[in-house]
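Given next are the chains, with one letter for each unit.
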Amino acid sequence: MSIQKNRPGLWQRLMQAGLVTQIMIGLVAGVALAWFSKESALSVSLLGSLFVSALKAVAPLLVMVLVISSIANHKQGQKTNIRPIVILYLLSTFFAAVVAVVFSHLLPQTLTLTAANNEITPPSGILAVLNGLLMSMVSNPIDALIHANYIGILVWAIGLGFAFRHSSDTTRAFLNDASDAVTYLVRIVIRFAPVGIFGLVASILASTGFSALWQYAHLLGLLLGCMLLMALVVNPILVYWKIRRNPYPLVFTCLRESGVTAFFTRSSAANIPVNMALAKKLNLDEDTYSVSIPIGANISMAGASITITVLTLAAVNTLGIHVDTGTAILLSLVASVCACGASGVAGGSLLLIPVACNMFGIPNDVAMQVVAVGFIIGVLQDSAETALNSSADILFTAAACMAEERRIEQQA
């Protein structure tokens, strides 16, 4: 009888634990299952797939409805602080490229180039990247929602939001109710994060393992080291510049509650609902985060900037090409622009490596071999890149909102 009484108590304590605690339990359980039974771990992959698919499905609708409602119900004279957030996004992306250049010089890497994957077609240059971004902006709104084209979704949502500002109070109230309804659905999806993370971790470890990564351990170490430096040093400095107090409590909160989920979903788009929920938990201004977080998913790309720069310079070192200071600075700018365009190009940051390689006259077939190396280490590289990118979105949004609150308090 005593055992039966204790079981509900243990389950109740588990259910009452914080979401992050539950996610960590799911993570450990996934590792344990993959360690003890590979077949069982593969069989739970459906749980992870369902969770990621649900996040990806709800994210475009969430962005569209929240942005329209936020702008339509925005009060005249109320500041949204979007500009300082965008500046932080761009500074972080550029500094990430600079960090990658510096450490690639201090710890030069070389590659064992393999056969290229000719089925992948990268953009032909920066103009092609910018052209793709512009075309995404004028995409059909239904098509943008179906294909999760967040640039197109943002453009249409902003336009409709301003149009609805001239509508009746009833219409604006309906938009606000629609925003609350979608947010409620998102909360339901996020509650399944522990189960989803359990399935993702177990299936990834069981299906891929990490044996293929040892060949490129030094290169992977450089990539992950640069990303950690950005997450734990450079980004906190930028946050301190805004809020003028210890940034690390906020930094660790964002890494724990946003970065962990993004690491395993490996999708900035899928993590938009997670960041929205965290912004609400931090009591940030909804007019600000409903717009800044979707924007961040497109242009806050420090991780992508590091990937493009490190792999490009590894190819440069392999081919014995000299890189002077001016060229290094230009590479940082090119990598930053390419990184901001990564979300609009199929294949993510890896397919933008040939654009940077083109700066050094590296032939496309060789550049595509570098892309192939990127896919080999992509299990960890892409996970860490997404965690850095997505956690920075909510980090800089929170920093800007806190800085505005501090400014208002000082004026009072």
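Residues numbered from 1 in each chain as written. Predicted model: local features only at pLDDT ≥ 70, side-chain atom pairs only at ≥ 80, totals over all residues. Heavy atoms only, no water.

(A) Representation of the overall build of the protein chain in the model. Summing up its helical and strand segments, the protein chain has 19 helices and zero strands in all. In the protein chain, buried positions account for 51% of the 412 residues. For the protein chain, contacts bridging at least 24 residues in sequence account for 85% of all contacts bridging at least 6. Accessible surface, the protein chain: about 19,200 Å² in total, of which carbon and sulfur atoms supply 65%. (Helix = DSSP H or I, 4+ residues; strand = E, 2+ residues; numbered from the N terminus. Buried < 20%, exposed > 50% of the residue type's maximum accessible area, 1.4 Å probe, protein only. Contact = heavy atoms within 4.5 Å. Areas by Shrake-Rupley, 256 points an atom, 1.4 Å probe, with all protein chains shown as cover.)

(B) Structural context of the confidence of the model for the protein chain. In this model, the protein chain carries an average pLDDT of 81, and 85% of its residues clear a pLDDT of 70 or more. Across the protein chain, the element-wise mean pLDDT spans from 54 in helix α1 (residues 2-16) up to 94 in helix α11 (residues 217-243). Taken together, the stretch residues 1-7 has pLDDT below 50 and engages in zero contacts with residues farther than four places along the chain or on a different chain. A low-confidence stretch, residues 115-120 (pLDDT under 50), is modelled with nine contacts involving residues beyond four sequence positions or located in other chains. (pLDDT = per-residue confidence, 0-100.)

(C) Just the nonpolar core, in detail. I272 and F396 are the most contacted members of the largest nonpolar core, which totals 66 residues. Counting residues per element, this core draws most heavily on helix α4 (residues 45-72), which supplies 14 residues. Each residue touching F396, except ones within four places of it in the same chain, is listed here: I85, L88, Y89, S92, N235, L238 and V239. Ranked by size, the runner-up nonpolar core spans 51 residues in total, among them L350, L352, V370 and A384. (Core = buried A, V, L, I, M, F, W, Y, C linked by side-chain atoms within 4.5 Å.)

(D) Highlighting a nonpolar patch on the surface. Side chains of L47, Y184, L185, I188, F192 and V195 sit close together on the surface and give an oily, nonpolar patch of about 550 Å² of accessible area. Within the secondary structure layout, Y184 lies in helix α9 (residues 169-191). (Patch = residues over 30% accessible without salt bridge, like charges linked within 9 Å, V, L, I, M, F, W, Y side chains within 5 Å. Salt bridge = Lys/Arg side-chain N within 4 Å of Asp/Glu carboxyl O.)

(E) Seen up close, the pattern of salt bridges. Applying the stated criterion to the full structure yields four salt bridges. A salt bridge links E257 to K281; the nearest nitrogen and oxygen atoms lie 3.0 Å apart. Residue E257 is located in helix α12 (residues 248-265), and its partner K281 is located in helix α13 (residues 272-281); the two are separated by 24 residues in the primary sequence. Judged by its relative accessible area of 16%, E257 is buried. Residue classification places K281 among the exposed residues on the basis of a relative accessible area of 55%. Residues R407 and E404 are paired through a salt bridge, measuring 2.6 Å at the closest nitrogen-oxygen approach. Placement of both R407 and E404 in helix α19 (residues 378-411) is noted, with a separation of three residues, approximately one turn of the helix. According to the relative accessible area criterion, R407 is partly exposed, its value standing at 31%.

(F) Just the packing of aromatic side chains, in detail. Scanning all chains against the criterion turns up four aromatic pairs. The aromatic ring of W241 is capped on one face by K242, whose charged end is 5.7 Å from the ring centroid. (Phe/Tyr/Trp six-rings, centres within 6.5 Å; stacked < 30°, edge-to-face > 60°. Lys NZ or Arg CZ within 6 Å of the ring centre and 35° of its normal.)

(G) A look at the packing of α9 against α13. At their nearest, the axes of α9 and α13 sit 10 Å apart, and the two run at 105° to each other. Relative to α13, the element α9 is oriented roughly perpendicular. Contact residues: V186, R187 and I190 in α9; P273, V274, A277 and K280 in α13. Considering only residue class, the contact of α9 with α13 consists of five nonpolar, no polar and two charged. (Axes fitted to C-alpha atoms, helices over the stretch in contact; angles between N-to-C directions. Parallel < 35°, antiparallel > 145°, perpendicular 65-115°, else oblique. Nonpolar A, V, L, I, M, F, W, Y, C, P; charged D, E, K, R; others polar.)

(H) Just the side chain of S179, in detail. In this structure, S179 sits in helix α9. Residues within four places of S179 in sequence aside, it is in contact with V65, L66, S69 and E286.

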